[in-house]
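# Overview (structure and organization)
In case you want the letters, here they are:
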Amino acid sequence: MSAKPSVLILGGIPYASRHLTTFLVPQDGEPLASFVRIVDKYSVIPATTYVGSAFIKTLSNPVVNYQQGNLLLPATLSKVFEPPEGGKPFDYVFDCTGDMTFDRPHEIQRDHTAKLSYNIGVEAAKHKVKAYVRVIGPYYETSNDKLAEEKDDLKPRGIRGAWWHEGLRMLAGVPDLNLVILRTATPYGPYNLNGIVTPRITIGRVYKHLNEEMKYLWSSDLRMHTVHMDDVSGAMWAAAQWIAPLGRAQANEQAGETLRFYAPEKKELLKDLPGHLPKDKDPVAPVFNVVDDSDSTQGSMGQAVADLFGIQFGFYGFIVNTKVKVDFDNMVEEINA
């Protein structure tokens, strides 16, 4: 029997899953895992979301298995944990599920992010997986003056952030779950359309076509920390290998952080939510921030795009910035008219 771990990756095809898969099973190299199963709601052949050519090539490797399935259904969720015929149970689970859309209502984020992740965690604990890695994006309010540390009590930003964070608290409360939480900066890399990097590159190409100066709102020193998806994949793998021999209790001792309550205090949203922890109970789980050392700002990012396309780059002045702050919605409507 192979000593390599068997891996289950759930959700996140438009985000982290396809990068992690190609990291674990490189086209020119030895796979890091004995078997990799990816499950998400999308069809990949033919594709119903953007997957990129590298991921499609990786799927042809016999150690990789992609299944299209709705993880919100209990029967589907239970089935995906069944090992391949003649294979061993899954050692590592990478939870990349969750709704990344910023303007979803409470009910959708609650059910498609927090509740789903909790249900996966419960199933993983039943199967006694050695590592359960949960990834969350930059959905917190942070200071522009200093880097956020793992120990900092960060307030989630908006509805999306509140429910992603509440999902972490719920997972942290699952008994015997070997949980590690990775909080990433804004991701970028090949085939990645999420975050703030790809749209800014696209906008730069538009300004190149228009032969106009590209201008940003706010200021040059506004921090926009980033991380390449290859580094996120490496961090996910390192986190799984770190906790697998330790177990949850020892991992908490080494890197445990308190996860405080920030969910909406509405009884109708919380009363039937399985795994929900009361406001006065603060669970602890290992937390690691994942960010590169570029210390990116609006200025550095905008200048990089400007240099790429050979265009002028600058910022709007006080009057425009003030107007946006006062009447943002009407200004957007005026631009799109």
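Conventions adopted
- Residues numbered from 1 in each chain as written.
- Predicted model: local features only at pLDDT ≥ 70, side-chain atom pairs only at ≥ 80, totals over all residues.
- Heavy atoms only, no water.
- Helix = DSSP H or I, 4+ residues; strand = E, 2+ residues; numbered from the N terminus.
- Rg over C-alpha atoms; globule rule 2.2 N^0.38 Å.
- Buried < 20%, exposed > 50% of the residue type's maximum accessible area, 1.4 Å probe, protein only.
- Contact = heavy atoms within 4.5 Å.
- Areas by Shrake-Rupley, 256 points an atom, 1.4 Å probe, with all protein chains shown as cover.
- Lys, Arg positive; Asp, Glu negative; His and termini not counted.
- Charge placed at Lys NZ, Arg CZ, Asp CG, Glu CD.
- Pairing = 2+ DSSP bridges.
- Axes fitted to C-alpha atoms, helices over the stretch in contact; angles between N-to-C directions.
- Right-handed = clockwise from strand over helix to strand, strands pointing away.
- Parallel < 35°, antiparallel > 145°, perpendicular 65-115°, else oblique.
- Left-handed = near helix turned anticlockwise from the far one by under 90°.
- Nonpolar A, V, L, I, M, F, W, Y, C, P; charged D, E, K, R; others polar.
- Salt bridge = Lys/Arg side-chain N within 4 Å of Asp/Glu carboxyl O.
- Polar contact = N/O pair within 3.5 Å; in protein donor to acceptor, adjacent residues only side chain to side chain.

As a further point, take the overall build of the protein chain. Of the regular secondary structure elements, the protein chain holds 12 helices and 12 strands. For 337 residues, the compact-globule formula gives about 20 Å, and the C-alpha radius of gyration of the protein chain, at 21 Å, lands near that figure. If you line up the protein chain on its principal axes, its C-alpha atoms span 65 × 50 × 35 Å. By residue count, 47% of the 337 residues in the protein chain fall in the buried class. When contacts within the protein chain are restricted to residue pairs at least 6 apart in sequence, long-range pairs at least 24 apart make up 80% of them. Taken as a whole, the protein chain presents about 17,000 Å² of accessible surface, with 53% of it coming from carbon and sulfur. Taken as two groups, the 35 positive and 40 negative side-chain charges of the protein chain have centres that lie 3 Å from each other.

A word on the sheet that holds strand 10 (residues 256-258). Strand order in the open sheet formed by eight strands is 3-2-1-4-5-6-11-10, and the pairing between neighbours is mixed. The open sheet has two edge strands, strand 3 (64-68) and strand 10, and neither has a second partner. The mean angle between the axes of side-by-side strands here comes to 30 degrees, regardless of whether they run parallel or antiparallel. Pairing analysis gives four bridges linking strand 6 (residues 179-184) to strand 11 (residues 284-290), with the strands arranged parallel. Note that in strand 11 the partner of Thr184 across the bridge is Val290. Running over the sheet, helix 4 (residues 106-126) touches strand 1 (6-10), strand 4 (92-95) and strand 5 (131-136) and is turned about 170 degrees from strand 5. Seen against the sheet, helix 7 (residues 229-243) touches strand 1, strand 4, strand 5, strand 6 and strand 11 and runs at an angle of roughly 160 degrees to strand 6.

Before going further, it helps to examine the pairing of strand 1. Burial runs high along strand 1: five of the five residues are buried. When strand 1 meets strand 2 (residues 35-40), the two strands line up parallel, connected through five bridges. Looking at the pairing, Ile9 lines up with Ile38 of strand 2. Traced from strand 1 through helix 1 (residues 17-24) to strand 2, the parallel crossover comes out right-handed. Strand direction decides the pairing type here: strand 1 and strand 4, joined by four bridges, are parallel. What sits directly across from Ile9, in strand 4, is Phe94.

Contact pair helix 1 / helix 7: the axes reach a minimum separation of 9 Å and the direction vectors enclose 70 degrees. In terms of their interaxial angle, helix 1 and helix 7 are classed as roughly perpendicular. Our pair here, helix 1 against helix 7, has a crossing hand that is right-handed. Taking contact as the criterion, the partners of His19, Leu20, Phe23 and Leu24 in helix 1 are, on helix 7, Met229, Ser233, Gly234, Met236 and Trp237. Each residue belonging to the contact of helix 1 with helix 7 can be placed in one class, and the counts come to six nonpolar, three polar and no charged.

Further remarks concern the pattern of salt bridges. One pass over the structure, following the stated rule, counts 14 salt bridges. Here Arg134 and Asp95 are joined by a salt bridge, their closest N and O atoms 3.1 Å apart. You can see Arg134 sitting in strand 5 and its partner Asp95 sitting in strand 4, a full 39 residues away along the chain. Across the pair, Asp95 and Arg134 agree in class, each one buried. Residues joined by salt bridges that share partners form a network here, namely Lys88, Asp91 and Lys130.

Let us look at the side chain of Arg37. Looking at where Arg37 falls in the secondary structure, it is placed in strand 2. A polar atom in the side chain of Arg37 sits 2.6 Å from the backbone oxygen of Glu82. Here Arg37 is in contact with Val7, Leu8, Ile9, Asn65, Gln67, Lys79, Val80, Glu82, Pro83, Pro84 and Phe90, once residues within four sequence places are set aside.

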